[in-house]
Amino acid sequence: MNLSIALPKGRLGEKVYTRFAEAGYPCPDVLSESRKLIFDNRELSARYFWAKPSDVAIYVERGAADLGVAGKDILLEYEPDVLELADLGTGNCRMCVASMEGFLPDEQRTLRVATKFSRIATAYFAKKGRDIELIQLNGSIEIAPIIGLSDVIVDIVETGTTLRENHLAVLETIMPISARLIANRASYFFRKGQMDALASALSGKE
Ligand code: PRP
């Protein structure tokens, strides 16, 4: 295959695939309801595969995929050695510090922070000069302050529904997040023209 593309499985994936299809790289089976993970369009010599969002950058960094789509959160957290070609302007959300509604932090005490995003959280609080105790979790982070495992969480907020339904509220916004088109460095070197054109088409800058 000439071009291999890793798509993030989940809510962002379908939106992103549609953009690729509109940009001239269709592969209709991709959206089938099957459990199939890899799809080839032999005519275009293009291959798509679905990967866990946090793994997309690993495939791209190692050259197992030429291109991929990953959230800026993943790129900041794992710092993979890939090229960021375009902001796709979709998958928009924000990285936030949140806690139980009405929570008042005691500035004298070390703040207990639960998160999947250790690097982002550590850098953010270090910049503020705030001592923290980091609690690394892998999902459903919102539970931590409710049951007293942490004082706050650092997590992604999209619609705010998860926070609201669990009586949590945003304390601070760390940064806006959106989906990025990423490329393997060597692949980009050899296919710069094709990839630049695709990046422009995907980000609506044609
Ligand atoms: C993310 C994030 C929040 C939720 C925010 O979780 O960690 O829990 O989405 O979205 P909302 O503001 O629209 O409610 P995800 O579904 O990726 O799963 P996770 O709990 O495993 O992190």
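Above this note sits the structure.
Residues numbered from 1 in each chain as written. Predicted model: local features only at pLDDT ≥ 70, side-chain atom pairs only at ≥ 80, totals over all residues. Heavy atoms only, no water.

## Quick notes on the nonpolar core
Counting 26 residues, the largest nonpolar core has L7, F20, V30, Y48, L67 and L181 as its most contacted members. When contributions to this core are tallied by element, the ones reaching two or more residues are strand 1 (3–8), helix 1 (11–22), strand 3 (46–51), strand 4 (67–71), strand 11 (179–183) and helix 8 (192–202). What L7 contacts, discounting residues up to four positions off in sequence, is V16, Y17, F20, V30, Y48, F49, W50, A51 and V56. M95, I120, F125 and V154 belong to the second largest nonpolar core, which has 14 residues in total. (Core = buried A, V, L, I, M, F, W, Y, C linked by side-chain atoms within 4.5 Å. Buried < 20%, exposed > 50% of the residue type's maximum accessible area, 1.4 Å probe, protein only. Helix = DSSP H or I, 4+ residues; strand = E, 2+ residues; numbered from the N terminus. Contact = heavy atoms within 4.5 Å.)

## A short note on the sheet that holds strand 9 (residues 152–157)
Read across the sheet, five strands follow the order 8-7-9-6-10 without closing on themselves; strand pairing throughout is mixed. Looking at the sheet topology across the chains shown, the edges are occupied by strand 8 (132–136) and strand 10 (168–177). Between one strand axis and the next, the sheet turns through 30° on average, direction left out of account. Packed on one face of the sheet, helix 4 (residues 118–128) meets strand 6 (93–100), strand 7 (111–115), strand 8, strand 9 and strand 10 and runs near 170° to strand 8. (Pairing = 2+ DSSP bridges. Axes fitted to C-alpha atoms, helices over the stretch in contact; angles between N-to-C directions.)

## Structural notes on the layout of surface pockets
Computed from the structure, the largest pocket encloses a volume of approximately 970 Å³. Among the elements of the structure, helix 1, strand 4, helix 3 (72–78), strand 9 and helix 6 (161–165) are those that each provide at least two residues to the lining of the largest pocket. Broken down by element, the residue count for the lining of the largest pocket peaks at four residues, all from helix 1. Each residue belonging to the lining of the largest pocket can be placed in one class, and the counts come to 16 nonpolar, 14 polar and nine charged. (1 Å grid on protein atoms, 1.4 Å probe; cavity = no way out; pocket = protein on both sides within 12 Å on 5 of 7 lines; lining within 4 Å. Points joined across faces, edges and corners; volume = space filled by probe spheres on them. Nonpolar A, V, L, I, M, F, W, Y, C, P; charged D, E, K, R; others polar.)

## Examining the sheet that holds strand 5 (residues 83–87)
Strand order in the open sheet formed by six strands is 2-3-1-4-11-5, and the pairing between neighbours is mixed. Lying at the two open borders of the sheet, with one neighbouring strand each, are strand 2 (38–41) and strand 5. Adjacent strand axes in the sheet meet at a mean angle of 25° when their direction is disregarded. Sheet strands touched by helix 1: strand 1, strand 3, strand 4 and strand 11. Its angle to strand 1, the strand with the most contacts, is close to 150°.

## Focus on the packing of aromatic side chains
The geometry of an aromatic ring pair comes down to the distance between the two centres and the angle between the two planes. Counted under the stated rule, the structure contains five aromatic pairs. Centre to centre, the rings of F20 and Y48 are 5.9 Å apart; their planes meet at 90°, and the pair counts as edge-to-face. With a gap of 28 residues between them, F20 in helix 1 and Y48 in strand 3 connect regions that are remote in the sequence. Both residues of the pair, F20 and Y48, count as buried. Ring centres 5.2 Å apart and planes at 75° place the aromatic pair Y124 and F125 in the edge-to-face group. Using a relative accessible area of 1% as the deciding quantity, one classes F125 as buried. Here a set of aromatic residues connected by ring pairs shows up, and it is made of Y17, F20 and Y48. (Phe/Tyr/Trp six-rings, centres within 6.5 Å; stacked < 30°, edge-to-face > 60°.)

## Section: helix 1
Taken as a whole, helix 1 has its buried residues at L12, G13, V16, Y17 and F20. Looking straight down helix 1, one finds that the buried residues subtend no more than 125° of arc, so they occupy a single side. Among the exposed residues of helix 1, those pointing more than 90 degrees away from its buried face are R11 and E22. Against strand 1, strand 3, strand 4, strand 11 and helix 8 lie the buried residues of helix 1. G24 sits one or two residues past helix 1 and shows a positive phi near 105°. (Arc of directions from axis to C-beta.)

## Let's talk about the site of the ligand
In the region of the ligand, 13 residues are neighbours, and K116, E142, D155, T159 and T162 sit closest. With respect to the ligand, the side chain of R11 contributes an N or O atom lying 2.7 Å from an oxygen atom. At 2.7 Å, a side-chain N or O of D155 approaches an oxygen atom of the ligand. Using a 2 Å cut-off from the grid points, one finds that the ligand occupies the largest pocket. Of all elements in the fold, only strand 9 and helix 6 reach the threshold of two or more residues within the shell around the ligand. With three residues, the top contributor of residues to the shell around the ligand is strand 9. A breakdown of the residues in the shell around the ligand according to their chemical character gives two nonpolar, six polar and five charged. (Near = heavy atom within 4 Å. Polar contact = N/O pair within 3.5 Å; in protein donor to acceptor, adjacent residues only side chain to side chain. Sits in = over half its atoms within 2 Å of the grid points.)

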